[in-house]
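# Tertiary structure, described
So you can see what is in the structure, the chains are spelled out below.
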Amino acid sequence: CPFLLFPEDRTHVIRMHNFAAHRWFTAEYASERREGLRIEGQRDEYVTFQIGALANAELRDLRVTFTALKPASGSAIPAAALHCMNTNGSDDQGRPYLPRVNVSAGSVQPLWMGVMVPPDAAPSLYHGEVTVSATTPGGKYSLSVPISLQVSATTAEQHGDTEAWRASRVRWLDSKLGID
């Protein structure tokens, strides 16, 4: 595959575009991510995470899709509750936009993602998948990352916005609140 994916929770922000993080190549990271990315959140919280796409070749038109997050029993969190800020959203006039995300060979593209946990979500462990696809001169490729979301019984204050470490405010980049 012409790219590798490195999922990170909100405590390990991907900052560098020209270097792969050293931690991605450690035994500790491999152990942490053996079964995919595990994130934690509260009811009514916007839970953020990232996936770093390390390009081994030129990548064109990177796209991200999600599956629903399903608990062992009960209602799922629909795929529509998950969002990748890099690949879709609204422009400054509130119009939908789908930017073309291209990544040059040897670069890392941080993909910011989030899930809006419903206020009535049952406290449980939810499982789903994030798929990243891209076109290269050699064809179209896709890789998937399993994700697990542990939802606690507590409810977040203001979707988590009052605590900066939660990084929930990144969803404001795609907000239509100030348009009118």
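One structure accompanies this document, and this report is about it.

Reading the values: rules and limits
- Numbering of residues starts from 1 in every chain and runs along the sequence as written.
- Local features in a predicted model are, by the rule used here, given only for residues with pLDDT of at least 70; side-chain atom pairs are given and counted only at 80 or more, and totals for whole chains, interfaces and linings are based on all residues.
- With hydrogens and water excluded, all non-hydrogen atoms of the structure serve as input to the side-chain values.
- Secondary structure follows DSSP: runs of H or I at least 4 residues long count as helices, runs of E at least 2 residues long count as strands, and numbering of each begins at the N terminus.
- In this setup the radius of gyration rests on C-alpha atoms only. A globule is expected at 2.2 Å times the number of residues raised to 0.38.
- For every residue, the accessible area obtained with a 1.4 Å probe (protein chains only) is divided by the maximum for its type, and the residue is called buried under 20%, exposed over 50%, and partly exposed between those limits.
- Here the accessible surface of atoms and residues is derived via Shrake-Rupley with a 1.4 Å probe, and residues count as covered only by protein chains that are part of the display.
- Only four residue types enter the tally: Lys and Arg on the positive side, Asp and Glu on the negative side; His and the chain ends are excluded.
- By convention, the point assigned to a charge is CZ for Arg, NZ for Lys, CD for Glu and CG for Asp.
- Pairing between strands is defined by DSSP: at least two bridges between the two strands are required.
- Simply put, an axis is a line fit to the C-alpha atoms, just over the touching stretch for a helix, and the angle between two N-to-C directions goes from 0 to 180 degrees.

On a plain count of helices and strands, the chain comes out with 1 helix and 10 strands. Start at the N end of the chain and walk to the C end: the helices and strands fall as β-α-β-β-β-β-β-β-β-β-β. What you see for the chain is a C-alpha radius of gyration of 16 Å, in line with the 16 Å of a compact globule of 180 residues. Based on the C-alpha atoms only, the size of the chain along its principal axes is roughly 45 × 45 × 30 Å. In the chain, buried positions account for 46% of the 180 residues. Carbon and sulfur atoms make up 53% of the accessible area of the chain, which totals about 9500 Å². The positive charge centre, built from 17 side chains, and the negative charge centre, built from 19, are 4 Å apart in the chain.

So, about the sheet that holds strand 3 (residues 46-55). Here we have 4 strands laid out as an open sheet, ordered 1-3-8-5, and antiparallel in their pairing. With partners counted over all chains shown, the strands left at the sheet margins are strand 1 (3-9) and strand 5 (82-84), one partner each. Each neighbouring strand pair of the sheet contributes to a mean axis angle of 25 degrees, computed without reference to strand direction. For strand 5 and strand 8 (residues 108-116), the ladder comprises 3 bridges, and the chain directions are antiparallel. Counterpart to C84 in the pairing with strand 8 is M113.

Before going further, it helps to spend a moment on the sheet that holds strand 4 (residues 60-66). Ordered in space as 2-10-9-4, the 4 strands form an open sheet in which the pairing is mixed. Sheet topology places strand 2 (37-43) and strand 4 at the edges, where each strand pairs with a single neighbour. For this sheet the average axis-to-axis angle between neighbouring strands, irrespective of direction, equals 25 degrees. Here strand 4 pairs with strand 9 (residues 124-136) via 5 bridges, running antiparallel. Note that in strand 9 the partner of R60 across the bridge is T135.

What follows concerns unusual backbone geometry. At D44, a position not held by glycine, the phi torsion is positive, near 60 degrees. Checked against the element boundaries, D44 lands in the loop between strand 2 and strand 3. A positive phi angle, close to 50 degrees, is found at D61, a residue other than glycine.

Distances and angles like these do not, on their own, reveal function.
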